[in-house]
Amino acid sequence: MKAAVVETPGKFVVRDVPDPVCPDDGVLLRVGAATICSSDLKRSMRTDLAQPRPYILGEEAAGTVAAVGKHVTQWKVGQRVAYAARIYCGKCQPCRAGYTNLCKDAKGLGWHVPGGFAEFTSVPGGTAVTEGLVLLPDNLPFEFAALAEPFACALNSIEVAGVGPGDDVVIIGLGFQGAAQAQLARLRGACKVIGVARSGKRNEIVRRAAPGLDEVLVSSEMFVPDVVRKRTDGEGASVVFVSASSGDALPLALGLVRWKGRICIHASIPAGEETLKLDANWVHYQEVTVTGSSSFKHRQYREVIAMMARGEINAGKFLTHKLPLSEIARGVELMKNREALKVAVVP
Ligand SMILES: [Zn+2]
């Protein structure tokens, strides 16, 4: 089969590789579409992934069941499914407590097992098959369904931060996650939804994608805390998401949050910038909560697919480019140069 492989760090090359085998307790998926995630860009630079070489990345995928292992009764050949990237153990303490997103033995598509940038991918047995595959409604194209993974991550952050009716939400960082959070915050009944971007370059792309955004503030052009206070009757935001991989975002978030507010760190902060210095008295007297969110639960994955099917999430707006798999290197460049919000590749 054709697959995009990474043999030299950062370089995606499409070539023939042996077809994957359908496991007895798993299924074989014919990939319908896979979308490029910033995690793929980071992972492409690594040489220590748990999957065999050459690495096949791609953690956001959907397709058709092409073969079913002899021990699998849950799936049939020909069914259209989305494939959740995260495989949890179901046995560790966080899994047993329901926090499968925090599984201590989690494995990932495109990370521990070959991913979706290929014509076929092998879905291993266990929770990958029992919970990781979700049957798709006929009206949902594969390239939209592949976005269920990043949307589920955004939904987890919305739930962790407890976004609800009347909240004034500020999102620092307007990549795909920030745009998805804006849309979901609006669906949860947020009052104001304000995005903060470092530069105006991506404004138009994000504005088109995220109708949930009331306004985008460009931090290099204004003093953001003053503007946020002005927009929130002088109070500040009730929820602030740190969705930019930047140490600068943390002190900014602390300057934007109001009494009883919640700050949710939803992006990995580069080493050396990750230490948070905060005004303990503000946290104490104003009962501010600082929390984090990571990955998603399969219940959330199913939920966003249902939201897409109902038209509440217009996935098409978030997908700025669709390319054949043979042009994946161009898609990766579009993501790196921040010219795309999301790129789908179709084998
Ligand atoms: Zn676990």
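Source: prediction; values computed, not measured. (Residues numbered from 1 in each chain as written. Predicted model: local features only at pLDDT ≥ 70, side-chain atom pairs only at ≥ 80, totals over all residues.)

Here's the deal with the overall build of the protein chain
Applied cut-off: The helix count covers DSSP runs of H or I at least four residues long, the strand count covers runs of E at least two residues long, and both are numbered beginning at the N terminus. For the radius of gyration, the atom set is restricted to C-alpha positions; the globular benchmark scales as 2.2 Å times the number of residues to the power 0.38. We call two residues in contact if the C-beta atoms placed from their backbones are at most 7 Å apart.
What the protein chain contains, in helices and strands, is 13 helices and 17 strands. Relative to the 2.2 N^0.38 estimate, which gives 20 Å for 347 residues, the radius of gyration of the protein chain is 20 Å and therefore close to what a compact globule would have. Viewed in the frame of its principal axes, the protein chain has a C-alpha envelope of about 60 × 40 × 40 Å. In the protein chain, the share of contacts with a sequence separation of at least 24, taken over all contacts with a separation of at least 6, comes to 69%.

Examining the packing of helix α5 (residues 148-160) against helix α6 (residues 176-187)
Where we set the bar: Here an axis means a line fitted to C-alpha atoms, over the contact stretch when the element is a helix, while the angle between two N-to-C directions is reported on a 0 to 180 degree scale. When describing relative orientation, an angle under 35 degrees is termed roughly parallel and one over 145 degrees roughly antiparallel, while 65 to 115 degrees is termed roughly perpendicular and anything else oblique. Each crossing is labelled by how the near helix is turned from the far one, with a counterclockwise turn of less than a right angle marking it left-handed and a clockwise turn marking it right-handed.
Where α5 meets α6, the axes come as close as 9 Å, and the angle between the chain directions of the two elements is 60°. Here α5 lies oblique to α6, going by the angle between them. Viewed along their axes, α5 and α6 form a crossing whose handedness is right-handed. Judged by residue contacts, Pro150, Phe151, Cys153, Ala154, Leu155, Ser157 and Ile158 of α5 engage Phe176, Gln177, Ala180, Gln181, Leu184 and Ala185 from α6.

Some points on the environment of Arg86
As for its position among the elements, Arg86 is in strand β6 (residues 86-87). Along the chain, Arg86 and Gly110 lie 24 residues apart, while their C-alpha atoms are 9.8 Å from each other. Once residues within four sequence positions are removed from consideration, Arg86 is found in contact with Ala106, Gly108, Ser295 and Phe296.

Brief notes about the domain arrangement of the protein chain
Convention followed: Bear in mind that the domain bounds are from an automatic or database domain assignment. Any residue that is not Ala, Val, Leu, Ile, Met, Phe, Trp, Tyr, Cys, Pro, Asp, Glu, Lys or Arg is counted as polar, Gly included; the first ten are nonpolar and the last four charged.
Taken domain by domain, the protein chain comprises domain 1 (2-151 + 296-346) and domain 2 (162-292). Contact with domain 1, which involves 11 residues of that partner, is made by 13 residues of domain 2. Classifying every residue of the side of domain 1 that touches domain 2 gives five nonpolar, two polar and four charged.

So, unusual backbone geometry
A cis amide bond links Arg53 to the next residue, Pro54, at an omega of -5°. By the secondary structure assignment, Pro54 is in the loop between α1 (38-43) and β4 (60-68). Although it is not a glycine, Asp233 sits at a positive phi angle of roughly 55°.

Examining the sheet that holds strand β12 (residues 215-218)
Worth spelling out the cut-off: Any two strands are treated as partners once DSSP identifies two or more bridges connecting them.
Here six strands make up an open sheet; going across it, the order is β12-β11-β10-β13-β14-β15 and the pairing parallel. A single partner strand is all that each edge strand has here, and the edge strands are β12 and β15 (289-292). This sheet shows a mean twist of 20° between the axes of neighbouring strands, independent of strand direction. Looking at chain direction, strand β14 (residues 257-265) and β15 are connected through four bridges and run parallel.

As for the pairing of strand β2 (residues 12-16)
Sheet analysis places strand β1 (residues 2-6) next to β2, joined by five bridges and oriented antiparallel. Bridged to Ala3 within β2 is Arg15. The hairpin formed by β1 and β2 contains five residues between the paired strands, and Gly10 there has a positive phi angle of roughly 85°.

Thoughts on the environment of Ser246
Our working definition: Each residue is classed by its C-beta neighbour count within 10 Å, where at least 20 other C-beta atoms makes it buried, 12 or fewer makes it exposed, and intermediate counts make it partly exposed; the C-beta atoms are placed from backbone geometry.
On the secondary structure map, Ser246 appears in the loop between β13 (237-242) and α9 (249-254). For Ser246, a count of 16 C-beta atoms within 10 Å gives the class partly exposed. Expressed as a C-alpha distance, the spacing of Ser246 and Arg198, which sit 48 residues apart in the sequence, is 10 Å.

What to know about α6
Side chains three or four residues apart in an α-helix point the same way, a direct result of the helix having 3.6 residues per turn. To be explicit about the condition: For a helix, the expected span equals 1.5 Å multiplied by the number of residues minus one.
Here α6 spans 17 Å end to end across 12 residues, near enough to the 16 Å set by a 1.5 Å rise per residue. The element α6 is largely enclosed, with a buried count of 11 among its 12 residues. Buried residues of α6: Phe176, Gln177, Gly178, Ala179, Ala180, Gln181, Ala182, Gln183, Leu184, Ala185 and Arg186, and no others. Residue Gly189 follows α6 closely and has a positive phi angle near 95°.

Digging into the pairing of β14
Formally: A crossover gets the label right-handed when its path from the first strand over the helix to the second runs clockwise, viewed with the strands pointing away from the viewer.
Of all nine residues in β14, seven are buried; the element is thus mostly enclosed. Examined bridge by bridge, β13 and β14 share five bridges and lie parallel to one another. Counted as the bridge partner of Val240 is Ile263 from β14. Read as a crossover between parallel neighbours, the route from β13 over α9 to β14 is right-handed.

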